Each structure stands twice: as C-alpha cells, then as structure tokens.
Amino acid sequence: MNAQEKERIFQTKTELEDILKNNPWNEAEIEAWQATLNAGKSGEFILKADADVIASYNRKCKKEKDLIQTHLLPQPFIGNPEAPIWILTQNPGYSEIDLYDMLGKKEEIKDWWKKEKVVPREQTESKESLENRQKLLLNQLRFNKPSFYVLDDCFNTLKEHADNKSFGGYEWWNKRLLQCDLCNGRKDMLSKFFVLEFFPYHSRNFSETLSKTEVAHSKFWKELVSYALNQKKLLLCRGKKVFEEIKKLPNAQNCMENILFFISVQNVAVSSNNLISWSELEKGKKQAAELIKAELSR
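As a starting point, this report considers the structure included with it. (Residues numbered from 1 in each chain as written. Predicted model: local features only at pLDDT ≥ 70, side-chain atom pairs only at ≥ 80, totals over all residues. Heavy atoms only, no water.)

**Description of the overall build of the chain**
Short version of the rule: Secondary structure is summarised from DSSP: a helix means a run of H or I of at least four residues, a strand means a run of E of at least two, and numbering begins at the N terminus for each. We call two residues contacting when some pair of their heavy atoms lies within 4.5 Å. When charges are counted, Lys and Arg contribute as positive and Asp and Glu as negative, whereas His and the chain ends are disregarded. Charged groups are reduced to one reference atom each: NZ for lysine, CZ for arginine, CG for aspartic acid, CD for glutamic acid.
For the chain, the count of helices and strands is 11 helices and 6 strands. The principal-axis extents of the C-alpha atoms in the chain amount to approximately 65 × 55 × 40 Å. Here the analysis covers contacts within the chain between residues at least 6 apart in sequence; of these, 68% occur between residues at least 24 apart. Averaging the positions of the 46 positive and the 43 negative side-chain charges in the chain gives two centres separated by 3 Å.

As structure tokens, this is what we get:
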C-alpha cells in the first residue's frame, strides 16, 4: 500500500468518525434501556426525541399490523458501515419471536409457540444467552464492535420447523443473505455487508404513513447514505421509498451506477438472480416504452 492509498483510507475513516458523532442513539438513553433490561422490567425503547411523534402515530394508527412496537429494542443497523456493500431496507419487521429474542418472554407467547409448532433451542433459554443478545444489539446502536450480530449463534433461538416462514432476524437473514449463492454459507463474508434501516423501529407492516414519519434517525440516515455514495459503496435498495429518498440527496445523480435494486420487494434475497442495476433498469424501461409505442403506432 503506497502513501496515497494510506492517506485516502485515513481520510475515509475520519469522515465516517465525524458522521458517527451525530449518531442519535446516545449512550445515556441506551444505558437507561440496559438498566431496564437488567432489572427484568418492561419499557418503551424509543428515543426521547421520538416519543411524541411515535405516540401520535400509534394513536392515529387504525391497523394493528401498522403499529410501531415500542416495547422492542430498535434495530436501525446491522454490521459495520466500513463494509463495501450496504443493504438499505425499510424498517425492522415484527414477529412474536422478537419478544423472546430481545426480552426473554416465553410464557407471554406460549399460544404463538403452539400455533406455529416451534420450540426454542435449549442453548438460548439461559439468562446468559439473553443478556448476550441484548448486549450485541445495544452495542450495535453505538457501533461498539459492530458485527452482523443477528447471525450470531445466540440469535439462532428456534429449533427447525417445517414451515417455510422466517421467524426473527436470524432466520430472515440466514435465508436471504448467508445461504444465498453470493455468500454460500460463509460467515466470513458477512463483514462485507452493512444493513441500514430507513425507519429504525419495529412494525409488522411498513405502511405508507410510516414511510413519511420523521424521527431522529431520519437525518442520520441521510448523512450515512450520502457518505456511502461519496465512497462509491454498492447500495442494495429495497422498495421505492428508499430509492426516492436516495435520489433527493445532492450527490446521488453522480453515483447511480453504484445503486442496485432487489427485483422483488418481497423477496429480499442477496442472490445473483435477484438484483438489477440502475442502468439495466433504465434500459428495461426504455425498451418497454419502445414496445408500447410500436404497438400504438401500428
């Protein structure tokens, strides 16, 4: 590595460090959440800055599946932002298994266990395993030893089940990233990926109203994505809303070749046959328009 390359890497790290100083997931509130968890108490794990906005949203929300799950720890990031490939998703989903994974609640969801015919892995039922899951998640919020923590073995909380559903973060990302052809089951490849959620709090459904709800994380999201564009990182976008927000950034137009799309919003599999580049998408649009015009001119 020559002196010029070393200087570029140093400047890149310095730029990222400066951006991370604006991280709204502050130590004081995270420490308070940790104290709540240590005491075995229930709580609302939302930033004080977001309390009024989220309360207003939930108060007006008419569908249970659209509710923001304030009793779950937020998951705005997975992994290290120094990674070359960023997966830009909408928001963390919600499954009853999250209550077990994050809070150790088992009796509260016993009907769900029975309905879905799944049982927890014995190795993950201990207090130590739960505390490890909580620690990994809370550390990620401050980028303290960031990793693709949801695929740590302690998050593999369910025994195998016959259903094709993916319950919880471990099964979801295992199926859509780790076991796909690009990673091929190799956990060492996970360091190449960083996940950034557009909205940081859990809900079963990412509603249109939720996509327009601004929280403290929203500004930070823009700063991070703008940095990623400058660094020419590959951005894998899920959903129109995410892409529309990227296009609003001042430096987006010069970096369109680094933006990739999942062919299916529902099937967010990081596989070779499920991604399309902006240039391919634009070419496909032009070809489609030409075919339609040809038919109309007959």
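**Some remarks on the pairing of strand E5 (residues 259–262)**
Put simply, the test is: For the exposure calls, accessible area comes from a 1.4 Å probe over protein chains only, and a residue counts as buried if that area is under 20% of its type's maximum, exposed if over 50%, partly exposed in between. Two strands are counted as paired when DSSP detects at least two bridges linking them. A crossover counts as right-handed when, viewed with the strands pointing away from the observer, the path leading from the first strand over the helix to the second turns clockwise.
On E5, burial covers both faces: Ile 259 and Phe 261 on one face and Leu 260 and Phe 262 on the other are all buried. Pairing of strand E4 (residues 234–237) with E5 involves 3 bridges; the strand directions are parallel. Its bridge partner being in E5, Cys 237 is matched across the sheet by Phe 261. In this fold, E4 hands off to helix H10 (residues 240–247), which returns the chain to E5; that crossover is right-handed. Sheet topology note: the E5/strand E6 (residues 275–277) ladder contains 3 bridges and is antiparallel. Its bridge partner lying in E6, Phe 262 is registered against Leu 275.

**Here's the deal with the packing of helix H2 (residues 27–38) against helix H6 (residues 127–141)**
Rule in force here: The angle between two axes is taken between their N-to-C directions and runs from 0 to 180 degrees, where each axis is a line fitted to C-alpha atoms and a helix contributes only its stretch in contact. What sets the label is the angle itself: under 35 degrees gives roughly parallel, over 145 gives roughly antiparallel, 65 to 115 gives roughly perpendicular, and the rest give oblique. Just so you know the grouping, Ala, Val, Leu, Ile, Met, Phe, Trp, Tyr, Cys and Pro go in nonpolar, Asp, Glu, Lys and Arg go in charged, and all remaining residues, Gly too, go in polar.
Where H2 contacts H6, the two axes come as close as 11 Å, and the packing angle between them is 170°. Between H2 and H6, the angle falls in the class roughly antiparallel. For the pair formed by H2 and H6, the contact residues are Ile 30, Trp 33, Gln 34 and Leu 37 on the first element and Gln 134, Leu 138 and Leu 141 on the second. Residue composition of the contact of H2 with H6, by class: 5 nonpolar, 2 polar and no charged.

Purely spatial values, then, with no claim about function.
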